[in-house]
Every structure is written in C-alpha cells, then in structure tokens.
Amino acid sequence: VQPERATRALDAAVAADPDDARAWETLGGLALDRRDYRRAEEAHRAIVRVEPSNVAAWLRLGAVLARQQEWGEAREAIAKAQALDPQAPVDAELVAFLDQKAAAGPATR
C-alpha cells in the first residue's frame, strides 16, 4: 500500500511541477524497485529533459532502455553520459553487448 501511496503523491508532484527533477528521480527509483521499466523510462527521460547534464540519470536511462531491449537507445544514453563525463562508470562489456545488439537490428517492445 505504501509504494502505491507514494507513487500517487509523486505523480501529483510531477503533474504540478513537471520540472521537479527530484520528484521524477524518486518516482523513477520507485518504478525501478517495482520493475516497472516503462514508468522508470518516463521518469528518467523527464530527469534528463530537466537536467541534461545529469550523468547518473543518463546512465540509469541507458540501463532502463537496455532492460526493455531498446539497444540502440540504451547505447545512445550511455554515450551521452560518457560525453558529459569521460570518467563515468561504464562497463566496457555492457557497451560491447549494446553495440552488438544494436547492430543486429531494432527490438520490438
């Protein structure tokens, strides 16, 4: 019951202020905890819209997109994080995997 209540409160917060990155971040975290990847994607896209230089949000968006087999977009999000911070903690094996999957063609949701 508590996660649903928290989600409703956060939904109201982002509806009232779509530029509240912290509310989106909390909402995205709750969505990840619940394995609601579409909702997590929505939240992380909102975070990077509001804070385009948020490296951690770009990395999380990449992970969420990878979970949904959106290989090319996941790789693009990670590349954005790396462009913002060349020292961003990125797993080279993950990048190679995403590159391989993206080259194989688009996945269907």
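Everything discussed here concerns the structure shown above.
Reference entry: report on the structure contained in this document. As the structure is a prediction and not an experimental result, all values here were calculated from the model.

Details of the packing of helix 1 (residues 2-16) against helix 2 (residues 21-33)
Line of reasoning, step 1. Where helix 1 contacts helix 2, the axes come no closer than 9 Å and their chain directions differ by 150°. Where helix 1 crosses over helix 2, the handedness of that crossing is left-handed. Counting all contacts with helix 1, which are made through Ala6, Thr7, Leu10, Asp11, Ala13 and Val14, the residues of helix 2 involved are Ala23, Trp24, Thr26, Leu27 and Leu30.
Line of reasoning, step 2. Partitioning the contact of helix 1 with helix 2 into residue classes produces 8 nonpolar, 2 polar and 1 charged.

Examining the environment of Ala104
Line of reasoning, step 1. With respect to the helices, strands and loops of the structure, Ala104 is situated in helix 6 (residues 92-104).
Line of reasoning, step 2. Along the backbone, Ala104 and Trp71 are 33 residues apart, and their C-alpha atoms lie at a distance of 9.4 Å.

Regarding the nonpolar core
Line of reasoning, step 1. One finds Trp24, Trp58, Leu59, Leu61 and Leu98 to be the most contacted residues of the largest nonpolar core, which totals 25 residues.
Line of reasoning, step 2. Elements represented by at least two residues in this core include exactly helix 1, helix 2, helix 3 (37-50), helix 4 (55-67), helix 5 (71-84) and helix 6.
Line of reasoning, step 3. Looking at this core element by element, the count peaks at 7 residues for helix 4.
Line of reasoning, step 4. Setting aside chain neighbours within four positions, we find Leu98 in contact with Ala66, Trp71, Ala74, Arg75 and Ile78.

Some details on the environment of Asp85
Line of reasoning, step 1. Among the structural elements, Asp85 can be located in the loop between helix 5 and helix 6.
Line of reasoning, step 2. Residues Asp85 and Val55, spaced 30 residues apart in sequence, show a C-alpha to C-alpha distance of 7.0 Å.

So, helix 5
Line of reasoning, step 1. Taking 1.5 Å per residue, 14 residues should reach 20 Å; helix 5 reaches 20 Å between its end C-alpha atoms and fits that length.
Line of reasoning, step 2. Turning to helix 5, its buried residues are Trp71, Ala74, Ala77, Ile78 and Ala81. Angularly, the buried residues of helix 5 cover 130° about the axis, an arc narrow enough to put them on a single face. For helix 5, the exposed residues set more than 90 degrees away from the buried face come down to Glu76 and Ala83.
Line of reasoning, step 3. In this structure, the buried residues of helix 5 make contact with helix 4 and helix 6.

Describing the packing of aromatic side chains
Line of reasoning, step 1. The final tally for this structure, using the stated rule, is 1 aromatic pair.
Line of reasoning, step 2. Ring centres 5.4 Å apart and planes at 85° place the aromatic pair Trp71 and Phe97 in the edge-to-face group. Taken as a pair, Trp71 in helix 5 and Phe97 in helix 6 lie far apart in primary sequence, 26 residues in all.
Line of reasoning, step 3. Using a relative accessible area of 12% as the deciding quantity, one classes Trp71 as buried.

Side note on the packing of helix 4 against helix 5
Line of reasoning, step 1. Relative to each other, helix 4 and helix 5 sit at 165°, their axes nearing to 8 Å. Judged on the interaxial angle alone, helix 5 and helix 4 are roughly antiparallel. Along this stretch, helix 4 crosses helix 5, giving a crossing that reads as left-handed. Two secondary-structure elements touch here, helix 4 through Val55, Trp58, Leu59, Leu61, Gly62, Leu65 and Ala66 and helix 5 through Trp71, Glu73, Ala74, Ala77, Ile78, Lys80, Ala81 and Leu84.
Line of reasoning, step 2. In the contact of helix 4 with helix 5, the residues fall into 12 nonpolar, 1 polar and 2 charged.

Thresholds applied
- Residues numbered from 1 in each chain as written.
- Predicted model: local features only at pLDDT ≥ 70, side-chain atom pairs only at ≥ 80, totals over all residues.
- Heavy atoms only, no water.
- Axes fitted to C-alpha atoms, helices over the stretch in contact; angles between N-to-C directions.
- Helix = DSSP H or I, 4+ residues; strand = E, 2+ residues; numbered from the N terminus.
- Left-handed = near helix turned anticlockwise from the far one by under 90°.
- Contact = heavy atoms within 4.5 Å.
- Nonpolar A, V, L, I, M, F, W, Y, C, P; charged D, E, K, R; others polar.
- Core = buried A, V, L, I, M, F, W, Y, C linked by side-chain atoms within 4.5 Å.
- Buried < 20%, exposed > 50% of the residue type's maximum accessible area, 1.4 Å probe, protein only.
- Expected span 1.5 Å × (residues − 1).
- Arc of directions from axis to C-beta.
- Phe/Tyr/Trp six-rings, centres within 6.5 Å; stacked < 30°, edge-to-face > 60°.
- Parallel < 35°, antiparallel > 145°, perpendicular 65-115°, else oblique.

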